[in-house]
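Topology and contacts: notes
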Amino acid sequence: MQISRRTDALEEHMIIGLSNDIDLSVIAVVRSAFHEAINDGFTSVLVDLTNVTFVDSAALGIFVGLHRRCRERNGACVLVNPQPDVSRIIALTGLDVLLSIASDIETACALASSAAATSSTAATEMAQ
Amino acid sequence: MSSGDEVVLRVPAKSDYIALVRVVLAAAAAIDPDSRSDRVEDLRVAVSEAVTNAVESHRTAGTDSHIEVRCYTEGHEVEVTVRDHGPGFDPDNVPVVPDAESPERMFFENGLGLPLMRRLVDKTDIETGDDGTLVRLVIDTSTSPKV
């Protein structure tokens, strides 16, 4: 498995690209990449699944963890372009309801910005 | 015993070998010319979950013994058993993961493996005790997915 890291054009979101099979054997490495993005100050992380051929429940677990960390920082986690077999597993576990999913990076950036703005507004209203 | 085919794997309880089991089991299930690729994929995921649990169970127990995976095919039916030598668990007393709509859902990163297995294959049996766990998965690969 290879992990790529880049930001969007506005440098607002971290885009982490994964590849091949995401199972227990690579979970620690992927989780570390997610933590690094958050520790670098990114509140929204896009996970590009275009080249991912397999996910198991351990992989879905770290997506949930990333989602939570982004939400806690008024940001968003968006899964990008999961292939049909991967989409099916996400749907079978019901996580297509919890997690944001986009078909491409551009849509994912818009989704993350929108979700972050909504969270930020809600947090401000709660504080008042 | 009938005239099916059997494949037996004995793999180290290390996560690096989970992919190997997936490849071999999927290839064995796909030998049946009437097998559906989506059902073979379902089996691939379910077996991976069972082997992952076995690897983690051995890690918990601190044992370096091997995990045994047996695949028996007859007609369109595939039966896979995964045997570990970990400490066992109570399958009726695993934490229940909240619904995806629940605000609490994002606090649960684990607990999806067993429900996923049960959704993907036609039959799941679990025998577990102090000397380990045997997971048995049965699927008819010629039929439409359950879900």
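What comes next is a walk through the structure. (Residues numbered from 1 in each chain as written. Chains lettered and ligands numbered in written order. Predicted model: local features only at pLDDT ≥ 70, side-chain atom pairs only at ≥ 80, totals over all residues. Heavy atoms only, no water.)

1. Things to note about the side chain of Ser44(A)
Residue and element names in this part refer to chain A. By the secondary structure assignment, serine 44 is in the loop between α1 (27-39) and β3 (45-55). Within polar-contact distance, the side chain of serine 44 engages the backbone nitrogen of alanine 76 at 3.0 Å. Apart from residues lying up to four places away in sequence, serine 44 is in contact with His13, Met14, Cys70, Gly75, Ala76, Ala112 and Ala116. (Helix = DSSP H or I, 4+ residues; strand = E, 2+ residues; numbered from the N terminus. Polar contact = N/O pair within 3.5 Å; in protein donor to acceptor, adjacent residues only side chain to side chain. Contact = heavy atoms within 4.5 Å.)

2. With respect to the pairing of strand β1 (residues 4-7) of chain A
All names here are of chain A. The pairing of β1 with strand β2 (residues 14-22) spans four bridges and is antiparallel. Considered in β2, the bridge of arginine 5 is made with isoleucine 16. As consecutive antiparallel partners, β1 and β2 are separated by six residues, and within that stretch glutamate 11 has a phi angle of approximately 55°, a positive value. (Pairing = 2+ DSSP bridges.)

3. Some thoughts on the packing of helix α2 (residues 37-61) of chain B against helix α3 (residues 113-120) of chain B
All names here are of chain B. Taken N-terminus to C-terminus, the directions of α2 and α3 make an angle of 150°; their axes are 9 Å apart at the nearest point. Taken together, α2 and α3 sit at an angle that is classed as roughly antiparallel. In the packing of α2 onto α3, the handedness of the crossing is left-handed. Listed contacts from α3 to Arg39, Asp42, Val45, Ala46, Glu49, Ala50 and Asn53 of α2 are Gly113, Leu116, Met117 and Leu120. (Axes fitted to C-alpha atoms, helices over the stretch in contact; angles between N-to-C directions. Parallel < 35°, antiparallel > 145°, perpendicular 65-115°, else oblique. Left-handed = near helix turned anticlockwise from the far one by under 90°.)

4. Side note on the nonpolar core
When a protein is soluble and globular, its nonpolar side chains tend to lie buried together. Formed by 71 residues in total, the largest nonpolar core has its most connected members in Leu18(A) and Phe63(A). No other element matches α2(B), which puts nine residues into this core. Sequence-distant contacts of Phe63(A), defined by excluding residues within four places in its chain, comprise Leu18(A), Phe34(A), Val47(A), Leu49(A), Val55(A), Cys77(A), Leu79(A) and Leu99(A). Counting nine residues, the second largest nonpolar core, distinct from the first, contains Leu46(A), Val78(A), Ala108(A) and Cys109(A). (Core = buried A, V, L, I, M, F, W, Y, C linked by side-chain atoms within 4.5 Å. Buried < 20%, exposed > 50% of the residue type's maximum accessible area, 1.4 Å probe, protein only.)

5. Observations concerning the interface of chain B and chain A
Facing 29 residues of chain B, the contacting portion of chain A comprises 28 residues. In total, about 2300 Å² of surface goes out of reach between chain B and chain A, with carbon and sulfur atoms giving 60% of it. Together, Met106(B), Glu109(B) and Leu112(B) form the three largest contributors to the area buried by chain B at its contact with chain A, with a combined 29%. With a closest N to O distance of 2.9 Å, Asp23(A) and Arg22(B) form a salt bridge. In this assembly, chain B and chain A are joined by seven residue pairs in polar contact (both at pLDDT 80 or more). Of all elements in the fold, only α1 (18-29), α2 and α3 of chain B reach the threshold of two or more residues within the side of chain B that touches chain A. Of the residues forming the side of chain B that touches chain A, the biggest block, 10 residues, is contributed by α2(B). When its residues are assigned to classes, the side of chain B that touches chain A shows 13 nonpolar, four polar and 12 charged. (Buried area = accessible area lost by both parts, 1.4 Å probe. Salt bridge = Lys/Arg side-chain N within 4 Å of Asp/Glu carboxyl O. Nonpolar A, V, L, I, M, F, W, Y, C, P; charged D, E, K, R; others polar.)

6. What to know about the state of the cysteines
Residues and elements named next belong to chain A. Applying the stated criterion across every chain yields a total of zero disulfides over all chains. Looking at cysteine 77, it has no disulfide partner, and the nearest cysteine sulfur is the one in cysteine 70, 5.5 Å off. By relative accessible area, which is 2% here, cysteine 77 ends up buried. Not part of a disulfide, cysteine 109 finds its nearest cysteine sulfur in cysteine 77, a span of 13 Å. Residue class for cysteine 109 comes out buried when judged on its relative accessible area of 14%. (Disulfide = S-S within 2.5 Å.)

7. Quick word on the packing of aromatic side chains
Scanning the entire structure with this criterion turns up one aromatic pair over all chains. On the numbers, 6.3 Å between centres and 40° between planes, the contact of Phe34(A) with Phe63(A) is tilted. On the criterion of sequence distance, the pair formed by Phe34(A) in helix α1 and Phe63(A) in helix α2 (residues 57-72) is long-range, its members being 29 residues apart. Its relative accessible area of 3% is what places Phe34(A) among the buried residues. For Phe63(A), a relative accessible area of 0% translates into the label buried. The positively charged end of Arg22(B) is found above the aromatic ring belonging to Phe54(A), 3.9 Å away from the centroid. (Phe/Tyr/Trp six-rings, centres within 6.5 Å; stacked < 30°, edge-to-face > 60°. Lys NZ or Arg CZ within 6 Å of the ring centre and 35° of its normal.)

8. A look at the sheet that holds strand β5 (residues 100-102) of chain A
Strand order in the open sheet formed by five strands is β1-β2-β3-β4-β5 (chain A), and the pairing between neighbours is mixed. Each having just a single partner strand, β1 and β5 of chain A make up the two edges of the open sheet. The sheet shows a mean angle of 25° between the axes of neighbouring strands, taken without regard to direction. Here three bridges tie strand β4 (residues 77-80) of chain A to β5(A), and the two strands are oriented parallel to one another. Considered in β5(A), the bridge of Val80(A) is made with Ala102(A). Relative to the sheet, helix α3 (residues 84-92) of chain A contacts β3, β4 and β5 of chain A, its axis offset from that of β3(A) by approximately 105°. Relative to the sheet, α2(B) contacts β2 and β3 of chain A, its axis offset from that of β3(A) by approximately 105°.

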